[in-house]
2 protein chains.
Amino acid sequence: MVSKPAPDSPPGSAGGTPTRRSERSRRAIFDAALALVGEVGYDKLTIEGIASRAGVGKQTIYRWWPSKAAVLLDAFTADSDEDYAEGLPDTGDLAADLKFVLRATADEFNDPAFQAPYRALAVAGANDEEVSRAFVGRLLEPGIRVYVERLRAAQEAGEVAADVDVRVAAEMVLSPFSQRWLMRTGPLTHEFVDTLVDQVLRGLRPRG
Amino acid sequence: MVSKPAPDSPPGSAGGTPTRRSERSRRAIFDAALALVGEVGYDKLTIEGIASRAGVGKQTIYRWWPSKAAVLLDAFTADSDEDYAEGLPDTGDLAADLKFVLRATADEFNDPAFQAPYRALAVAGANDEEVSRAFVGRLLEPGIRVYVERLRAAQEAGEVAADVDVRVAAEMVLSPFSQRWLMRTGPLTHEFVDTLVDQVLRGLRPRG
């Protein structure tokens with residue numbers, strides 16, 4: 001689904017000087033794709049629908065992206081790539097940094113407008129292995145990696161024990177959060193986030 | 001979707017003496033529903049399709065269940081209710097008990113035949129709030145609860161610190177497992193299960 005390479009690079013992504021007009025089209029296409037997938041779900045999303053909502057011809061979309069999955073992933077990562085490049089804050093206080101970021105993330109995921117397109121993509125990924133590979137590779141993995149890196153920095157600083165598996169530790173923080181949101185098994189409150197972070201970190205500290 | 005009460009109780013569930021014939025029909029309907037939903041997904045599952053695969057009339061199904069969601073949930077819980085009633089093993093060694101159960105669960109979820117219908121229901125739940133309520137209430141919550149109870153028993157035995165939030169602790173064990181499976185972010189190996197259990201439990205032990 002996203003394996004075919006795009007026949008041409010979308011403006012502003014992989015080099016070339018985008019004109020202001022094509023940058024406006026790109027942003028309109030991303031906004032249309034995110035809004036539509038939240039409204040109709042992944043299965044009913046079409047390139048035609050995105051083009052019509054964005055006010056562009058569908059050939060404009062096909063020139064830059066080979067599939068709806070490719071448009072959506074670029075739309076999501078247009079913002080997240082920057083966040084991920086920065087990594088998590090590192091004030092030297094691991095608990096405070098994790099709580100700060102996860103509280104803000106909880107606020108985002110409690111916002112219906114933010115969460116609808118993300119849920120549509122997560123559902124499509126859970127359902128379909130090919131969508132899943134792209135979703136995990138482009139969005140979930142980079143999101144987990146910034147936590148793994150922050151935990152590794154804490155490990156080097158002696159705040160986390162040397163024998164801790166930081167990848168599994170990152171999942172101990174992130175998965176209960178994601179699971180509550182995706183399966184609706186509990187509310188994403190600041191209190192939950194704080195308890196989760198404290199309880200995970202108390203097991204990671206060096207002993208003795 | 002599952003809010004309408006069933007016009008009649010399915011045989012063998014809520015009392016009444018089922019005849020052997022209707023018990024055979026019930027089992028055939030459950031098997032057909034689980035097989036079909038794994039093949040075609042939740043959206044394309046129909047009562048007609050289940051009836052045809054089970055070799056019963058569709059009125060037989062409508063007599064006992066108001067919707068396809070109700071059939072599916074009964075099909076899943078026909079087996080899980082018994083497991084949940086028993087609870088987790090309690091040998092007095094919390095780590096060993098959790099690893100034992102989660103390794104077996106990993107083997108189940110790595111089996112394509114077992115996981116396909118469960119994935120279809122999880123996807124439907126992630127997508128739709130009404131399906132979600134039934135899925136969480138009938139399957140996920142009872143599944144989490146047996147872990148909460150096992151952790152509480154360990155807390156009473158002094159193996160887990162008194163100030164631990166056992167609900168969040170249960171999610172720290174279960175969610176990374178579920179997330180790896182549902183979003184395909186990593187393999188469900190015995191090694192992963194063991195690392196996860198050890199790393200969670202090391203934070204729960206009484207201090208000093």
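Predicted, not measured: the structure shown is a model, and the values here were computed from it. Note on numbering: residues in each chain are counted from 1, in written sequence order. Each chain is given a letter, starting from A, and each ligand a number, starting from 1, according to the order in which they appear as written. Local features are withheld for residues below a pLDDT of 70 in this predicted model, meaning they are given only at 70 or higher, and side-chain atom pairs are given and counted only at 80 or more; totals for whole chains, interfaces and linings count all residues. Note that water and hydrogens are dropped before the side-chain values are worked out from all heavy atoms of the structure.

1. Section: the overall build of chain A
Now for step 1: Where helices and strands are cited, they refer to DSSP runs of H or I of at least four residues and of E of at least two residues respectively, numbered from the N terminus. Looking only at helices and strands, one finds nine helices and zero strands in chain A.
Now for step 2: Its helices and strands in sequence order give chain A the pattern α-α-α-α-α-α-α-α-α, from N to C terminus.
Now for step 3: Dimensions of chain A, computed from the C-alpha atoms along their principal axes, are close to 65 × 35 × 30 Å.
Now for step 4: We call a residue buried when its accessible area falls under 20% of the maximum for its residue type, exposed when it is over 50%, and partly exposed in between, using a 1.4 Å probe and counting protein chains only. Every one of the 208 residues in chain A was classed for burial, and the buried ones make up 52%.
Now for step 5: Pairs of residues are marked as contacts when any of their non-hydrogen atoms sit within 4.5 Å. Taking contacts inside chain A between residues at least 6 apart in sequence as the whole, the part at least 24 apart equals 65%.
Now for step 6: For chain A, the accessible surface area stands at approximately 9,700 Å², while carbon and sulfur atoms represent 50% of it.
Now for step 7: Only four residue types enter the charge count: Lys and Arg as positive, Asp and Glu as negative, with His and the chain ends excluded. One atom stands in for each charge, and that atom is NZ of Lys, CZ of Arg, CG of Asp or CD of Glu. With 25 positive and 31 negative side-chain charges, chain A shows a spacing of 5 Å between the two charge centroids. Areas reported here follow the Shrake-Rupley algorithm with a probe of radius 1.4 Å; residue values treat only the protein chains shown as occluding.

2. Examining the relation of the copies chain B and chain A
Now for step 1: Superposing chain B onto chain A requires a rotation of 180° together with a translation of 0.0 Å along the rotation axis, leaving an RMSD of 0.0 Å. The operation mapping one copy onto its partner corresponds to a two-fold rotation axis. Taking C-alpha positions as the reference, the residue of chain B nearest the rotation axis is G203(B), at 1.6 Å. Least squares is the method for superposing the copies, and the C-alpha atoms it fits come from residues with pLDDT of at least 70 in both.

3. So, the UniProt feature "DNA-binding region" (unreviewed entry) in chain A
Now for step 1: UniProt positions are given in the numbering used here, feature names are shortened, and annotations may be inferred rather than shown by experiment. Look at the UniProt record and you will see "DNA-binding region" (unreviewed entry) annotated at residues 46–65 of chain A.
Now for step 2: Along residues 46–65 of chain A, the helical share is 75% and the strand share 0%, with 13 Å between the first and last C-alpha atoms.

4. Re the interface of chain B and chain A
Now for step 1: With 43 residues of chain B in contact, the opposing surface of chain A contributes 43 residues.
Now for step 2: Carbon and sulfur atoms supply 55% of the area buried between chain B and chain A, which totals about 3,500 Å² over both sides.
Now for step 3: On the chain B side of the interface with chain A, the three residues burying the most area are M183(B), Q199(B) and R202(B), jointly 20% of the side's total.
Now for step 4: Every case where a carboxyl oxygen of Asp or Glu lies within 4 Å of a side-chain nitrogen of Lys or Arg is listed as a salt bridge. At the boundary of chain B and chain A, one finds four salt bridges.
Now for step 5: The salt bridge partner of E171(A) is R180(B), with a shortest N-O separation of 2.7 Å.
Now for step 6: Under the rule applied, a polar contact is a pair of N or O atoms within 3.5 Å (in protein, one hydrogen donor and one hydrogen acceptor; residues adjacent in sequence only if both atoms are side-chain atoms). Seen at the junction of chain B and chain A, the total is 18 residue pairs in polar contact (both at pLDDT 80 or more).
Now for step 7: Elements with a minimum of two residues in the side of chain B that touches chain A: α6 (112–127), α7 (129–156), α8 (166–183) and α9 (190–201) of chain B.
Now for step 8: In terms of residue count, the dominant contributor to the side of chain B that touches chain A is α8(B) (12 residues).
Now for step 9: Looking at the side of chain B that touches chain A residue by residue, the classes come out as 19 nonpolar, 10 polar and 14 charged. Buried area: the accessible surface (1.4 Å probe) lost by two parts on joining, summed over both. Residue classes follow a fixed rule: Ala, Val, Leu, Ile, Met, Phe, Trp, Tyr, Cys and Pro count as nonpolar, while Asp, Glu, Lys and Arg count as charged, and any other residue, Gly among them, counts as polar.

5. Brief notes about the environment of G143(A)
Residue and element names in this part refer to chain A.
Now for step 1: One can find G143 in helix α7 (residues 129–156).
Now for step 2: Assessed through its relative accessible area of 14%, G143 is described here as buried.
Now for step 3: Residues within four places of G143 in sequence aside, it is in contact with Y84 and L174.

6. As for the packing of α7(B) against α8(B)
Residues and elements named next belong to chain B.
Now for step 1: Here an angle of 0 to 180 degrees is reported between the N-to-C directions of two axes, which are lines fitted to C-alpha atoms, with helices fitted over the stretch in contact. Packing of α7 against α8 brings their axes to within 9 Å, and their N-to-C directions diverge by 120°. Between α7 and α8, the angle falls in the class oblique. Viewed along their axes, α7 and α8 form a crossing whose handedness is right-handed. Across the interface between the two elements, E141, G143, I144, Y147, V148, L151, R152 and Q155 from α7 touch V166, R167, A169, A170 and L174 from α8.
Now for step 2: Split by residue class, the contact of α7 with α8 holds eight nonpolar, two polar and three charged. Angular relationships are summarised with four words: roughly parallel below 35 degrees, roughly antiparallel beyond 145, roughly perpendicular across 65 to 115, and oblique for the angles in between. Note on convention: near helix rotated counterclockwise from far helix by under a right angle means a left-handed crossing. Clockwise means right-handed.

7. Thoughts on α9(B)
Now for step 1: Relative to the 16 Å expected for 12 residues at 1.5 Å per residue, α9(B) spans 16 Å between its end C-alpha atoms, a close match to the ideal helical length.
Now for step 2: Regarding α9(B), the residues found buried are F192(B), V193(B), D194(B), L196(B), V197(B), Q199(B), V200(B) and L201(B). To estimate the expected span of a helix, subtract one from its residue number and multiply by 1.5 Å.

8. Let's talk about a negative patch on the surface
Now for step 1: What makes a patch is a set of residues exposed beyond 30% relative accessible area and free of salt bridges, joined within 9 Å when like-charged and within 5 Å when nonpolar (Val, Leu, Ile, Met, Phe, Trp, Tyr). Together, D43(A), D128(A), E129(A), E130(A), D43(B), D128(B), E129(B) and E130(B) make up a region of like negative charge exposed at the surface.
Now for step 2: Mapped by element, the contributors of at least two residues to the negative patch are α7 of chain A together with α7 of chain B.
Now for step 3: Residue position: D128(B) is located in the loop between α6 and α7.

9. Describing the domain arrangement of chain A
Residue and element names in this part refer to chain A.
Now for step 1: The source of the domain bounds is an automatic or database domain assignment. With domains assigned, chain A is organised as domain 1 (1–75) and domain 2 (87–202).
Now for step 2: Between the C-alpha centres of domain 1 and domain 2 there is a distance of 28 Å.
Now for step 3: Counting the surface lost from both domain 1 and domain 2, the interface buries some 930 Å², and carbon and sulfur atoms represent 72% of this.
Now for step 4: At the junction of domain 1 with domain 2, the criterion picks out one salt bridge.
Now for step 5: Across the pair D74 and R138 runs a salt bridge, and its minimum N-O distance is 2.7 Å.
Now for step 6: For the pair domain 1 and domain 2, the number of links is one residue pair in polar contact (both at pLDDT 80 or more).
Now for step 7: By residue class, the composition of the side of domain 1 that touches domain 2 is seven nonpolar, three polar and one charged.

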